[in-house]
Number of protein chains: 2
Amino acid sequence: MAAATEKALEAEMNRLKLQIKTLKGEENAEDIFVGSYLLARLSELGVTSMFGVPGDFNLGFLDLVEDHPTIDWVGNCNELNASYAADGYARVKQGSVGALLTTFGVGELSATNGIAGAFSEMVPVVHIAGVPNLLQQSTKPLLHHTLGDGRYDAYTKAAEQFTYSQAILTNTYSAAAEIDRVLSDCVVQGRPVYITLPTDLAYAKISSDRLKTKNHSVIDEIVKLVEEAGGDVVVLADACSIRHDVVAELKELLHKTGYPVYCAPMGKSAVDETYERYGGIYVGSISHPEVKEKVESAKLILSIGSLKSDFNSGNFTYSIPTTRTVEARRGQAKALKLEVPPFVAHVPEEKDDIISHDWFWPRMSKFFQPKDVIVAETGTSSFGILDVPLPKDSVFLAQILWGSIGWTVGSTLGAALAAKDCNLNRTILFVGDGSLQLTVQELSTMLRKGVKPIIFVLNNSGYTIERYLHGKERKYNDIMNWKWTGLLGVLGDHDGTLSKSYTVNNKYELTELLENEKFASADVLQLVEVMMPKLDAPRALKVQAELSGKTNQYALAL
Amino acid sequence: MAAATEKALEAEMNRLKLQIKTLKGEENAEDIFVGSYLLARLSELGVTSMFGVPGDFNLGFLDLVEDHPTIDWVGNCNELNASYAADGYARVKQGSVGALLTTFGVGELSATNGIAGAFSEMVPVVHIAGVPNLLQQSTKPLLHHTLGDGRYDAYTKAAEQFTYSQAILTNTYSAAAEIDRVLSDCVVQGRPVYITLPTDLAYAKISSDRLKTKNHSVIDEIVKLVEEAGGDVVVLADACSIRHDVVAELKELLHKTGYPVYCAPMGKSAVDETYERYGGIYVGSISHPEVKEKVESAKLILSIGSLKSDFNSGNFTYSIPTTRTVEARRGQAKALKLEVPPFVAHVPEEKDDIISHDWFWPRMSKFFQPKDVIVAETGTSSFGILDVPLPKDSVFLAQILWGSIGWTVGSTLGAALAAKDCNLNRTILFVGDGSLQLTVQELSTMLRKGVKPIIFVLNNSGYTIERYLHGKERKYNDIMNWKWTGLLGVLGDHDGTLSKSYTVNNKYELTELLENEKFASADVLQLVEVMMPKLDAPRALKVQAELSGKTNQYALAL
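Residues numbered from 1 in each chain as written. Chains lettered and ligands numbered in written order. Predicted model: local features only at pLDDT ≥ 70, side-chain atom pairs only at ≥ 80, totals over all residues. Heavy atoms only, no water.

To continue, consider the relation of the copies chain A and chain B. Two copies of one chain are present, and they are related through a rotation about an axis combined with an axial shift. Its rotation angle being 180°, the transformation that places chain A on chain B also includes 0.0 Å of axial translation and leaves an RMSD of 0.0 Å. In symmetry terms, the pair is related by a two-fold rotation axis. No C-alpha of chain A lies nearer the rotation axis than that of Ala158 of chain A, which sits 2.3 Å from it. (Least-squares fit on C-alpha atoms with pLDDT ≥ 70 in both.)

Here it is as structure tokens:
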């Protein structure tokens, strides 16, 4: 018997068993649909929003989502944006996960970049793909959304590259355990996972017994490490201290010990930036000289959750002992009261009224309020914001390692929804005109879901970060100039009641706007087009570009 | 010695050799950059537009593109749209290929769905990813755009799933041969291929000798098959007759033999639809009864380039002998002059003035002109257009197998650019409001590149095709209603000179517009919002949905 026939028969047998079980199950009030089990587990993890796009292989499951009492379906404009939104949601809602639902092939593959970014940046996102029914999975007909050659496993093979673990659901016997396994991985590892849900299996019944056991486990390795540490040290907080959910423990450590503390770019906001012992951002040789000296001259640096990527480490220019060595030396000396120059940003006096980066970021810093969620796009924004302090209990989102432009737009939608759940303050996005064009349609979903971020669009006529890296005057770094203030009207705010849009051309206009209480209260979605010179950039970006240029040369430097 | 160290040393050695070769090369006037060699080969294949988004690992190569005399850089708004555009370009420009340039990780992964679609639908697209330099490839530092775990080959592993072949360029010795190998695959197989181009290797010099040999090879298997055929037959033309470039040979066959000819949906426009022996579209049991009878009662069906996917075959309801059997019977009888009822579409008389699908598609058919390029989005458009004849020498684009919504928007940009090269007429797009939201920003690139398609936006308040499949009144099939006529102004047509937008609410308004000569001349980019009832659909979609519903059930049908 050919292997394919055998497989088909086996699948048919499983289907019949499943039907019998389902029939029996109907008499058992405690049995639930596989789809409902999955939703129960997500709800238990604190998921209140599910992102994605409907498609014919997930429509049945979507009925369950739409009818769920505590999970809200956020239909996105496309799957990449949806994956970014799930990522942003998970970053803000510590301890929970982002949930993404797509359809077989066309939908799931559009989210590839977003999921890979969540892997790279260690964000827990559950990617559920609705797939053909079990018989189709086995007989592999030439369905739409297939590659035309019967390779039904190609999408899973791609997903294996970018997710920590995968649950390819094929029967009712293991479905619940498989779901639990990958959800546990997602939380513990802080990485995306992948679940395929066949159309029929979503509605197959299984016992709800497992739901009696909580699925949430916590890692406290880092907590232990931190609690055992001591001595003559400064603390350097980085990405993983946020991702692995030890922000509270870190705070406790800092207050108990009085250690001076600095953050790497990806660790920004892990420490309250108004804290008196907080010294600012350390980025290797890109750091402010004062910060650089203080960090590098300390006898011991306690590095928490270090992630030394190029953009996170001043292009690998840390002049300190390796992280591993430092983290190994625990519980040594007592805390010395090392001097910490305060981390403040002065708004410079400039002769002209042009909005420069040197002026803009310190000025914005004064606009921030406690508990604001602040999102900065890769480019001038993510570099510019490094040099200014953020307020107490604020949350900072940027994609320093993965660096996919356009990410913040979807991400801001997710962050704003999560911020509601967490009783946070305003959500504020900084994005360049070039980046916003990649994912712009998601502003429409913001209008539809009633979230009210303040969006600063830095209009500097193209890809300025790239101009600094290469091709300063090249046409390929130019983009179409959009009429940004007309955008929200077109994307759904027909009568102008859902949003407001502004253009600010100079320091005076921006200052006036920032000082307007109505504006600052963020009672509607607001978009501010900030006119900036094409070739201006924040200090940190200029230095980074110079360093990148040296290693990333295009011709062979002989 | 650890394998990693050995590899690093080897890479370093290769680099040094390459440097020596480069130094020597400078004395040889015939040596050219690897990047230039690649462009020379693409140019030879007729490529005049390259699609993509700049990123720091492709900026150096982009200098060569921007300076190339015959290849124009089309900077897209995002990579998915760019991959769609490359696909549309390749479909229209028979014999050439689509060219796509992205950057490492973030860029290339955003194009995954577009490339997989080109694989599925057999479209020759060359995907070039700019990647880190050779030393970085070997030492694998924690660069931005990486997964953070040193797996530099993860993106290639994903690409292997969706491209026919891959050229991972690592040295000057094999670069030219590797490029030639995959470009040849691309043309011969009609499938996408993948090339990784390290930043330094793009500027390494190699001999231009190989350029003296033309790289273009042609398959004529199908041609032979067709020429040997004969007898009492009808011809059924399908997708592969277009993809494998035998349209001209097919025409010759038809005229020599006088065989009646029908097309499958994916073969639409392979045969001139005004041809007197052309009978219309055959889609299994979804066919018009008259067409179904004629095809299925013929003694022999000569099936050219068959691709029996669900949406292309009326959900697998062909009532004819298998393709293979039919294709095997060659050169048998003489052509009998079987009767062919003409393929015409009558505009029905309807009582009300609402724009129904039954009325819309026959009416549009009268608007079409010879040599028009007609693009139909998956959904009501791709189903609606099946029932109406297209004019002589028109080109029809739809994604019947892959069916990724939003595809037509990028695709239309590519198609319109290719149409210029091929001296074709207007480019006309039919897209639903739901689908257009996925990829809408590419309208901006159309404005920037000065192409002037006519875009009919079927505004039926959401995902109508999905309402027919499942969840007719579900909220998840709703979308935000956009102000479509304001869109082009926001996306770059600041003074209204580059475009015109219209809304038509009824048959009268649409007829008046279609009869306007200025409108029909397509002298600017035009967008027409066509108001249609939410739950109206073309005949073929209604039948398809009914058939899909039977096989694609969500609950187990016991």
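There's plenty left to go through after this.
In this complex, chain A contributes 101 residues to the contact, which on the side of chain B involves 101 residues. For the pair chain A and chain B, the summed buried area comes to about 8500 Å², and 60% of that belongs to carbon and sulfur atoms. Inspection of the region where chain A meets chain B yields six salt bridges. Note that Arg474 of chain A is salt-bridged to Asp63 of chain B, the shortest N-O span being 3.2 Å. Taken together, chain A and chain B are joined by 43 residue pairs in polar contact (both at pLDDT 80 or more). (Contact = heavy atoms within 4.5 Å. Buried area = accessible area lost by both parts, 1.4 Å probe. Salt bridge = Lys/Arg side-chain N within 4 Å of Asp/Glu carboxyl O. Polar contact = N/O pair within 3.5 Å; in protein donor to acceptor, adjacent residues only side chain to side chain.)

One finds Leu443 of chain A together with Leu443 of chain B to be the most contacted residues of the largest nonpolar core, which totals 132 residues. For Leu443 of chain A, the contacting residues outside a window of four places in its chain are Val409, Ile455, Leu487, Leu488, Leu491, Leu525 and Leu527 of chain A. (Core = buried A, V, L, I, M, F, W, Y, C linked by side-chain atoms within 4.5 Å. Buried < 20%, exposed > 50% of the residue type's maximum accessible area, 1.4 Å probe, protein only.)

Quick look at helix α12 (residues 247–257) of chain A now. All names here are of chain A. Listing the buried residues of α12 in full gives Leu250, Leu253, Leu254 and Thr257. The buried residues of α12 all sit within an arc of 95° when viewed along its axis, so they share a single face. Exposed residues pointing more than 90 degrees away from the buried face of α12 are listed as Ala248 and Lys256. Phi turns positive one or two residues past the end of α12, at Gly258, with a value near 70°. (Helix = DSSP H or I, 4+ residues; strand = E, 2+ residues; numbered from the N terminus. Arc of directions from axis to C-beta.)

Let's shift gears to the environment of Glu339 of chain B. All names here are of chain B. Here Glu339 lies in the loop between α14 (323–328) and α15 (357–367). When its relative accessible area of 58% is taken as the criterion, Glu339 is described as exposed. Sequence separation between Glu339 and Tyr259 is 80 residues; the distance between their C-alpha atoms is 9.9 Å.

As a further point, take the sheet that holds strand β3 (residues 72–75) of chain B. Residue and element names in this part refer to chain B. In space, the six strands of this open sheet follow the order β3-β2-β4-β5-β7-β6, with parallel pairing throughout. Only two strands of the sheet have a single partner each, and these edge strands are β3 and β6 (165–168). Sheet twist, expressed as the average angle between the axes of neighbouring strands with direction ignored, equals 25°. Two elements, strand β5 (residues 125–131) and strand β7 (residues 193–198), share six bridges in a ladder whose sense is parallel. (Pairing = 2+ DSSP bridges. Axes fitted to C-alpha atoms, helices over the stretch in contact; angles between N-to-C directions.)

Moving on, we get to the packing of helix α4 (residues 79–92) of chain B against helix α6 (residues 112–120) of chain B. Residue and element names in this part refer to chain B. With their axes 7 Å apart at the nearest point, α4 and α6 run at an angle of 25° to one another. Accordingly, the angle class assigned to the pair α4 and α6 is roughly parallel. Crossing geometry of α4 relative to α6 is assigned as right-handed. Between α4, through Leu80, Ser83, Tyr84 and Asp87, and α6, the contact on the second element is made entirely by Asn113, Gly114, Ile115, Gly117 and Ala118. Across the contact of α4 with α6, the residue classes tally to four nonpolar, four polar and one charged. (Parallel < 35°, antiparallel > 145°, perpendicular 65-115°, else oblique. Left-handed = near helix turned anticlockwise from the far one by under 90°. Nonpolar A, V, L, I, M, F, W, Y, C, P; charged D, E, K, R; others polar.)

Note that all results are geometric; they support no functional claim without further evidence.
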